[in-house]
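Structure at a glance
For reference, the chains in residue letters:
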2 protein chains.
Amino acid sequence: MKHISSRDNPAYKRVLRLASGKRAETDDGGPPGHHVVLEGIHLCQSWLQHAGSPQLALFDSDRLQDSDEVAKLALAVDTRLSLSCEPRLMKSLSQVEHGQGVCFVVTVPAQSLPPRIDHNCIWLDRIQDPGNVGTLLRTAAAAGIPNAYLSQGCASAWSPKVLRSGQGAHFVMSIYEHVDLQQAHERLAIPLIATALENATSLYKTPLPPAAAWLLGNEGQGIDPALLALADKRIFIPQAENVESLNVAVAAGICLFEHRRQHTL
Amino acid sequence: MKHISSRDNPAYKRVLRLASGKRAETDDGGPPGHHVVLEGIHLCQSWLQHAGSPQLALFDSDRLQDSDEVAKLALAVDTRLSLSCEPRLMKSLSQVEHGQGVCFVVTVPAQSLPPRIDHNCIWLDRIQDPGNVGTLLRTAAAAGIPNAYLSQGCASAWSPKVLRSGQGAHFVMSIYEHVDLQQAHERLAIPLIATALENATSLYKTPLPPAAAWLLGNEGQGIDPALLALADKRIFIPQAENVESLNVAVAAGICLFEHRRQHTL
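What this report covers is the structure whose coordinates are included nearby. (Residues numbered from 1 in each chain as written. Chains lettered and ligands numbered in written order. Predicted model: local features only at pLDDT ≥ 70, side-chain atom pairs only at ≥ 80, totals over all residues. Heavy atoms only, no water.)

Focus on the interface of chain B and chain A
Between chain B and chain A, the contact holds 32 residues from the first and 32 residues from the second. Interface area, chain B with chain A, both sides summed: about 2600 Å², of which 64% is carbon and sulfur. When the buried area of chain B at its contact with chain A is split by residue, Arg138(B), Glu244(B) and Phe257(B) rank highest and sum to 20% of it. Run the count over chain B and chain A and you get 0 salt bridges. For the pair chain B and chain A, the interface holds 12 residue pairs in polar contact (both at pLDDT 80 or more). Of all the secondary structure elements, the ones that give two or more residues to the side of chain B that touches chain A are helix 2 (41-50), helix 6 (130-142) and helix 10 (248-264) of chain B. Among the elements that line the side of chain B that touches chain A, the one with the most residues is helix 10 of chain B, at 8 residues. Its residues assigned to classes, the side of chain B that touches chain A shows 15 nonpolar, 12 polar and 5 charged. (Contact = heavy atoms within 4.5 Å. Buried area = accessible area lost by both parts, 1.4 Å probe. Salt bridge = Lys/Arg side-chain N within 4 Å of Asp/Glu carboxyl O. Polar contact = N/O pair within 3.5 Å; in protein donor to acceptor, adjacent residues only side chain to side chain. Helix = DSSP H or I, 4+ residues; strand = E, 2+ residues; numbered from the N terminus. Nonpolar A, V, L, I, M, F, W, Y, C, P; charged D, E, K, R; others polar.)

Next comes the structure, spelled out in structure tokens:
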């Protein structure tokens with residue numbers, strides 16, 4: 001495994017640029033997509049499990065010695081794709097206070113909208129908080145939902161914070177970003193169900209269709225009225241009186257698992 | 001309303017100290033408890049709605065002019081308890097990037113453990129992330145759960161981040177902190193239900209008792225084995241295979257609302 005000790009190493013500089021959140025389109029003649037930096041043991045393990053080899057793997061040279069988990073990850077990657085880095089260089093790459101000493105650079109395929117949308121999915125309308133977007137993806141993956149459609153104005157799905165709270169959901173789902181949900185609705189072959197407070201029926205008194213698109217809206221403003229008007233059903237979660245509504249990811253969890261309870265359990 | 005333009009004002013200095021997370025025990029001969037700073041329009045509105053007057057209210061002098069919501073809050077508080085502050089002073093108090101120009105100082109009553117625990121409640125075992133603790137409280141409040149028992153090692157319930165993600169849940173629940181949950185178990189008169197992966201039955205195939213204590217564990221390590229051994233039931237949420245488990249607040253939402261579905265709807 002090659003060792004890097006200079007900030008001027010071209011490969012390192014490229015990863016540093018990517019890790020700071022700048023996207024680089026693939027320029028190597030490979031399939032269209034973009035490069036993303038995955039940080040931390042769990043995300044890298046999850047990538048190996050679900051997607052295969054990274055393009056490039058960077059390891060903290062100290063952690064290769066003193067962390068069994070980091071050493072094990074290094075064994076799982078082709079040494080020609082691996083770099084051992086000085087701890088101070090890894091520290092500069094890290095987005096968190098206590099990095100775990102491992103980063104993968106991976107290529108994420110560009111997703112183009114399918115002509116017909118007929119599988120369970122979540123539709124996210126301007127969900128701004130990266131933690132919420134990540135937790136929504138993690139929740140949908142746990143509920144067995146294969147697809148997510150994110151409108152313009154959602155936190156970027158492949159940003160470090162969303163990846164971190166997604167906990168690997170990204171690698172088992174198809175994620176479509178910058179989707180015009182009104183246009184996508186023309187391709188929708190299953191009912192669109194929205195969570196709403198008005199003109200809505202209780203989640204627990206609504207027979208849910210076997211497959212559905214679940215529409216979830218912005219943390220403060222809720223779902224765009226023009227989108228809400230397209231919904232086939234509006235449901236609410238019956239909660240205690242005089243308290244704040246639920247966090248959007250918790251609300252999604254309750255809906256998606258009630259859906260799962262009605263149809264797959 | 002008195003106006004403050006100096007950092008050396010004693011009242012301002014005291015609030016600044018509190019806002020930085022330092023607790024001050026009440027020293028004014030009032031009931032035992034501690035002072036807490038609430039920041040932002042929503043939390044302050046929520047305090048007025050559920051708890052009444054603050055001890056002290058600080059308003060950004062510019063926002064009193066240009067924000068209807070801040071001006072409305074100011075009208076709801078006795079002017080003798082209110083201070084108008086220079087914007088730069090309010091900025092120093094704020095824990096967020098774009099503060100809303102209002103802080104309340106309030107007194108939170110100290111809670112001593114009831115002799116008998118017989119109401120629906122959540123038991124949090126070392127939940128470390130402040131966002132998770134806050135979202136758990138918000139979720140419990142929405143599910144109509146009146147009490148929360150937090151072990152040593154949980155994020156401090158009255159810290160700014162927990163308050164922010166709690167969205168006012170703090171003011172409708174009784175929150176017990178630094179609880180020895182094993183000792184508390186001796187006072188428990190209702191079943192203790194734990195979420196667990198092993199030796200557990202499906203949430204949806206388990207008749208849930210009318211009242212229960214829901215035990216939720218640390219994000220990484222789960223529930224302490226000694227506590228888990230005390231559980232009357234162990235349940236799991238049946239999720240898709242080969243994906244990461246759910247976020248603890250989402251898992252709680254699914255359990256608490258299934259409980260609510262079985263008994264109150």
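Still more to cover.
Regarding the side chain of Thr206(B)
Residues and elements named next belong to chain B. Mapped onto the elements, Thr206 comes out in the loop between strand 11 (201-202) and strand 12 (213-217). Take Thr206: its relative accessible area is 6%, and that puts it in the buried class. Excluding its chain neighbours within four sequence positions, the residues that come into contact with Thr206 are Thr201, Lys233, Ile235 and Gln262. (Buried < 20%, exposed > 50% of the residue type's maximum accessible area, 1.4 Å probe, protein only.)

Structural notes on the sheet that holds strand 7 (residues 121-125) of chain B
Residues and elements named next belong to chain B. Sheet architecture is open: 7 strands sit in the order 9-8-7-12-10-13-11, paired in parallel fashion. Strands at the two margins of the open sheet, each flanked by one partner only, are strand 9 (174-179) and strand 11. Where strand 7 and strand 12 come together, 5 bridges link them in parallel fashion. Looking at strand 12, one finds that Ile122 is bridged to Trp214. Its contacts with the sheet put helix 6 on strand 7, strand 8 (147-151), strand 9 and strand 12, and the angle it makes with strand 7 is roughly 170°. (Pairing = 2+ DSSP bridges. Axes fitted to C-alpha atoms, helices over the stretch in contact; angles between N-to-C directions.)

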